[in-house]
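# Reading the structure
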Amino acid sequence: MDAGPSPEAEAHALSRHYDELDRQLPVGFDGAYGPLVVPNGNGELPFHRWFHFKEAFSHHLLERVLRDSAIQTRRSITVLDPFLGVGTSLVSADNLGNAQGGVVARGYGIERNPFLASVARCKVESHRSHTPDLRQVKRRALDAVNRGRVDPAPTPGLSTFSNTSYFPRRNLVELLQLRSAIERYSDPGVPRELALLCLAASIEPSSRLRRDGRALRYEAGKEPVPALQEFARRVDVVLADLEGRPTPSRCRVLEGDGRDPQSAGLPNLRADLILFSPPYLNNIDYTEIYKLEAWFVGHLESQAEFREQRRVTLRSHPSVRFPDVYEGRQGVEREVAQVLAPLLDAVPNTKERNWRRRLITGYFDDLLLTLRRYRPLIKPSGRVVYVVGNPVHGTGAHRFVIAADILIGSLAELVGYEVEAVRVARVPARTGATLPFVRESVVFLRPTG
Ligand SMILES: C[S@@+](CC[C@H](N)C(=O)[O-])C[C@H]1O[C@@H](n2cnc3c(N)ncnc32)[C@H](O)[C@@H]1O
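The present account deals with the structure reproduced in this document. In this convention, every chain numbers its residues from 1, walking through the sequence in written order. Owing to the predicted nature of the model, reporting of local features is limited to residues with pLDDT of at least 70; listing and counting of side-chain atom pairs is limited to 80 or more, with chain, interface and lining totals taken over all residues. The side-chain values count all of the structure's non-hydrogen atoms but skip hydrogen atoms and water molecules.

The helix count covers DSSP runs of H or I at least four residues long, the strand count covers runs of E at least two residues long, and both are numbered beginning at the N terminus. Counting its regular elements, the protein chain contains 16 helices and 12 strands. For the protein chain, the C-alpha atoms occupy an extent of roughly 75 × 55 × 40 Å along the three principal directions. Only protein chains enter the accessibility calculation, which uses a 1.4 Å probe; a residue is then buried when its area is under 20% of its type maximum, exposed when over 50%, and partly exposed in between. Considering the protein chain as a whole, with its 449 residues, one finds that 57% of them fall into the buried category. Residue pairs in contact within the protein chain that sit at least 24 positions apart in sequence constitute 78% of those at least 6 positions apart. Throughout, the Shrake-Rupley method with a 1.4 Å probe supplies accessible areas, and for residues the shown protein chains are the sole cover considered. If you sum the accessible surface of the protein chain, you get close to 19500 Å²; carbon and sulfur atoms cover 48% of it. By the convention used here, residues are in contact when the closest approach between their heavy atoms is within 4.5 Å.

Right, dumping it as structure tokens:
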């Protein structure tokens, strides 16, 4: 019986495939992008600093991308971001408009996670006129909690909140009192959403948990910050930033599926730039990582909603079994198979083989579908630019790299794009030295035809 190629032969075929794609595409190292694919400096800047999102890109990325592409921004620019996160691209677009007097920056971003969408909406859609109401909510809420005039809201149904090692009792009670007070002293609308954002951003600092890569970790030695103090400080930061906002933003945030701009409610428009960083294929499950905030402020109320929220995200993590639907490759099945086959064949034959192969197939199909659906929304002179990392899967002798930067680029060429540049931004020192193609890149696509 023919046992088929050995694992070594499959691994070898994969690296030959990557070498070939790398040669065919305009790939080059560009160290200037290294600091731009991480949220360097965002924590100190107005608006960007409202919530620390480890997976954001830098506030400087947009500017650099515009400089390095031929997009004209003399009078106006329209930006789209289908995987908006906390809104870095849109806040940067607003700043660009403000900095280069006369440039009108418009934009839309789509985010699936309701908590992250709310963070982005607050940053983009709030304005100076909201400050009196927010100031009043803060004053009344703090006063009510300090005087013990408000009962704590019910503890969310997520068991993490009931663990007193994670949340000192006093901090949890204060957070829950603030939750009730915000509800009582604000009408639904922007000031309430801003106050809830400040409350959500106070949760991790007032606990002994720390977000770390793919998980929330318990740190016995961490000193939790008093919840009331943290909330008050955060509201003051938001108030200061709003006071300094020169003009209302022309950008908008949509909560929905970035893979399907129409169902998300994106109006008919033509963009100069579609700039995004999709979830990487590194098993990070955003629903899990940002679950404390989502449950606490009421975006999630049951395990069924929690599961459903995971199910509607891009197929980049194995937390749920996603449907076996592959719409992106319709009409180009053979070509897609050619691009992905060496990778799928090289997935080691361990008990994880099946889910890894399914995940890889789903991930690239989602990105292909996204690229197809946004193709009619780009101006002929426009660009699509994506930031992506090439993760390592498996352990020990079973490790293999998923070169997402060039694989997505090769797929894009099947559906109306040309890869203009693959700018390799970072190669992680340790893993990158032993495994080629482990890197983060910024890829520029030009529409063709
Ligand atoms: C790498 S992060 C983007 C970070 C963003 N560039 C920023 O600076 O904040 C990827 C985002 O995609 C979101 N996401 C996952 N599935 C999605 C979907 N189907 N539609 C829209 N957004 C989705 C995740 O919740 C996450 O916020």
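That shown, we press on.
Moving on to the state of the cysteines. Throughout, disulfides are identified as pairs of cysteine sulfur atoms within 2.5 Å of each other. Overall, the coordinates contain 0 disulfides when judged by the stated rule. Of all cysteine sulfurs, the one in Cys198 lies closest to Cys122, which takes part in no disulfide; the gap is 8.0 Å. Residue Cys122 is classed as buried on the basis of its relative accessible area, which comes to 2%.

Fitted lines through C-alpha atoms give the axes, limited to the stretch in contact for helices. The angle between two N-to-C directions lies from 0 to 180 degrees. Following both chains from N to C, one finds helix α4 (residues 114-125) and helix α7 (residues 190-203) inclined at 120°, their axes separated by 10 Å at the closest point. Between α4 and α7, the interaxial angle falls into the category oblique. Both α4 and α7 take part in a crossing whose hand is left-handed. Here Phe115, Ser118, Val119, Arg121 and Cys122 of α4 come into contact with α7, specifically with Glu193, Leu194, Leu197 and Ala200. Throughout, the term roughly parallel applies to angles under 35 degrees, roughly antiparallel to angles over 145, roughly perpendicular to angles from 65 to 115, and oblique to all others. In this scheme the crossing of two helices becomes right-handed for a clockwise turn of the near helix relative to the far one and left-handed for an anticlockwise turn of less than a right angle.

To pair, rings of Phe, Tyr and Trp, with the six-membered ring standing in for Trp, must have centres within 6.5 Å; the planes then decide the type, stacked if under 30 degrees apart, edge-to-face if over 60, and tilted in the middle. Applying the stated criterion across every chain, the model contains 14 aromatic pairs. Plain terms: the ring middles of Tyr363 and Phe364 are 5.2 Å apart, the flat faces sit at 85° to each other, and that makes the pair edge-to-face. By the burial criterion, Tyr363 is buried, and Phe364 matches it. Every member of this aromatic cluster is reached through a ring pair, and the members are Phe51, Phe53, Phe115, Tyr286 and Tyr290. Just above the ring of Phe47 sits the side chain of Arg245; from NZ or CZ to the centre is 4.1 Å. Any Lys NZ or Arg CZ found within 6 Å of a ring centre and within 35 degrees of that ring's normal is scored as a charge over the ring. The residue whose ring lies beneath Arg310 is Phe306, and the NZ or CZ to ring-centre distance is 4.3 Å.

Here the focus is the side chain of Asp257. Topologically, Asp257 is positioned in the loop between β6 (250-255) and α9 (261-264). For this analysis, a polar contact is any N or O atom pair within 3.5 Å, provided that within protein one partner can donate a hydrogen and the other can accept it, and provided that sequence-adjacent residues contribute only side-chain to side-chain pairs. A polar atom in the side chain of Asp257 sits 2.9 Å from the side chain of Arg259. Filtering out sequence-adjacent residues up to four positions away, Asp257 remains in contact with Ile110, Arg112, Ala264 and Val312.

Right, let's talk about empty space enclosed by the protein for a bit. Cavities and pockets were defined on a 1 Å grid built over protein atoms only: a cavity is a set of grid points that admits a 1.4 Å probe from which the probe cannot escape, a pocket is an open set flanked by protein on both sides within 12 Å along at least five of seven lines, and lining residues are those with an atom within 4 Å of any such point. Grid points are joined across faces, edges and corners, and a volume is the space filled by probe spheres set on the points. What the rule picks out here adds up to 2 cavities of 30 Å³ or more. By volume, the largest cavity amounts to about 40 Å³. For the largest cavity, the full set of lining residues is Arg329, Val336, Leu340, Thr361, Phe364, Asp365, Leu368 and Leu411. Looking at the lining of the largest cavity, the elements that each hand over two or more residues are α13 (333-346) and α14 (353-374). Ranked by residues supplied to the lining of the largest cavity, first place goes to α14 with 4 residues. Charged residues are taken to be Asp, Glu, Lys and Arg, nonpolar residues to be Ala, Val, Leu, Ile, Met, Phe, Trp, Tyr, Cys and Pro, and polar residues to be all remaining types, Gly included. Taken together, the residues of the lining of the largest cavity sort by class into 5 nonpolar, 1 polar and 2 charged. Estimates place the volume of the second largest cavity at around 30 Å³. Taken together, the residues that form the lining of the second largest cavity break down as 3 nonpolar, 1 polar and 4 charged.

Let's shift gears to the pairing of strand β4 (residues 209-212). Residues Leu209 and Arg211 point to one face of β4 and are all buried, whereas Arg210 and Asp212, pointing to the other face, are not buried. DSSP bridges decide pairing: two strands pair if at least two such bridges lie between them. In this sheet, strand β5 (residues 215-218) lies alongside β4 in antiparallel orientation, the contact comprising 4 bridges. The residue of β5 that forms the bridge with Arg211 is Leu216. Taking the residues that link successive antiparallel strands as the turn, the β4-β5 hairpin has 2 residues, and the phi of Gly213 there is positive, at about 55°.

Turning our attention to the sheet that holds strand β1 (residues 27-29). Ordered by their spatial adjacency, 8 strands build an open sheet running β1-β11-β12-β8-β7-β2-β3-β6, and the pairing between neighbours is mixed. Taken across any chain shown, the strands that pair with only one partner, and hence form the sheet edges, are β1 and β6. Averaged over all pairs of adjacent strands, the angle between their axes in this sheet comes to 15°, without regard to strand direction. As defined by bridge partners, strand β2 (residues 76-81) adjoins strand β3 (residues 104-111) across 6 bridges and the pair is classed as parallel.

A word on the layout of surface pockets. Roughly 550 Å³ of volume is contained in the second largest pocket. As for the second largest pocket, its lining consists of 25 residues, of which Pro7, Glu10, Ala11, Ala346 and Phe400 are closest to the centre. For the lining of the second largest pocket, the element with the highest residue contribution is helix α1 (residues 7-24), accounting for 8 residues. Of the residues in the lining of the second largest pocket, the class split is 15 nonpolar, 5 polar and 5 charged.

Here we take up helix α5 (residues 131-146). The terminal C-alpha atoms of α5, which comprises 16 residues, lie 22 Å apart, in line with the 22 Å expected from a rise of 1.5 Å per residue. Those residues of α5 that fall on the buried side of the exposure criterion are Thr131, Leu134, Val137, Lys138, Ala141, Leu142, Ala144 and Val145. Residues of α5 that are buried sit in contact with α6 (169-185), α7 and α8 (227-243). Where α5 terminates, the next one or two residues include Gly148, which has phi positive at roughly 65°. Each residue after the first adds 1.5 Å to the expected span of a helix.

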